[in-house]
Amino acid sequence: MNRKKTLAVFISGGGTNLQAIIDACESGGLPASIGIVISNRSDAYGLKRAEAHHIEALVSNDDEEINGILQEKAVDLIILAGYLKVIGEPLLSNYKDRIINIHPSLIPAFSGKGYYGIKVHQAVLDRGVQITGATTHLVNAELDEGRILKQEALRVAEIDTAESLQQRVLEIEHRILIETIQDMIGGI
Ligand code: GRF
């Protein structure tokens, strides 16, 4: 029996993807626990989600400090769940092929610089594409460029607004993020 894996979840906002990971760990759906939540913003609502589940959190913009606590917690896998900062060294080297990101489009469409949050879904509507979805991928030095791990599509509805589309894509995100983590921790 493999030991339970330790996750670090990085957030900058509301944390619904973090909540999906918390729920999956608590229900036994993920043989893992969250060792630390990292945020670059002290006002991220996701921090309240961590607190409500007695999960330790650190607010920091210092990659060396963050790296230190990840080593201290013996973190196996990093998940970027709405983290709006680029990951640099030493994390990229220390966690090569062990950092996952969730993006709210079918990469490479609507990804890269400037495509985050509700802006992604507004761009989808403005372009008039009929299919969008979500992607999980490994993180490297280039924004949204790492190896794609999982994608799931949905059809854009005539009545969709950026907000309604965001909510429908988030449902996909929560599901494929857990599936991706399950696949990854099986392999560590
Ligand atoms: C999600 O749409 C995710 O794909 C993107 O940022 C958003 C975070 O949402 N990277 P939440 O904070 O997990 O609710």
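Higher on the page you've got the structure.
Residues numbered from 1 in each chain as written. Predicted model: local features only at pLDDT ≥ 70, side-chain atom pairs only at ≥ 80, totals over all residues. Heavy atoms only, no water.

Asker: Can you help me understand the site of the ligand in this one?
Answerer: Surrounding the ligand, one finds Gly 14, Gly 15, Thr 16, Asn 17, Gly 82, Ile 102, His 103, Pro 104, Leu 170 and Glu 173. Residue Gly 14 places a main-chain N or O atom 3.4 Å away from an oxygen atom belonging to the ligand. Between the ligand and Asn 17, the relevant distance is 2.9 Å, taken from an oxygen atom to a main-chain nitrogen or oxygen of the residue. In the complex, 85% of the free accessible area of the ligand, which totals 370 Å², lies under the protein chains. For the shell around the ligand, the elements supplying multiple residues, two or more each, are α1 (16–27), β5 (99–103) and α6 (162–187). A breakdown of the residues in the shell around the ligand according to their chemical character gives 3 nonpolar, 6 polar and 1 charged. (Near = heavy atom within 4 Å. Polar contact = N/O pair within 3.5 Å; in protein donor to acceptor, adjacent residues only side chain to side chain. Areas by Shrake-Rupley, 256 points an atom, 1.4 Å probe, with all protein chains shown as cover. Helix = DSSP H or I, 4+ residues; strand = E, 2+ residues; numbered from the N terminus. Nonpolar A, V, L, I, M, F, W, Y, C, P; charged D, E, K, R; others polar.)

Asker: What's the story with α1 in this structure? I'm lost.
Answerer: For an α-helix, the turn length of 3.6 residues means that residues three or four places apart are oriented alike. The first and last C-alpha atoms of α1 sit 16 Å apart over 12 residues, in line with the 16 Å expected at 1.5 Å per residue. Of the residues making up α1, those classed as buried are Asn 17, Leu 18, Gln 19, Ala 20, Ile 21, Ile 22, Ala 24 and Cys 25. Positive phi shows up at Gly 28, right after α1, with a value of about 90°. (Expected span 1.5 Å × (residues − 1). Buried < 20%, exposed > 50% of the residue type's maximum accessible area, 1.4 Å probe, protein only.)

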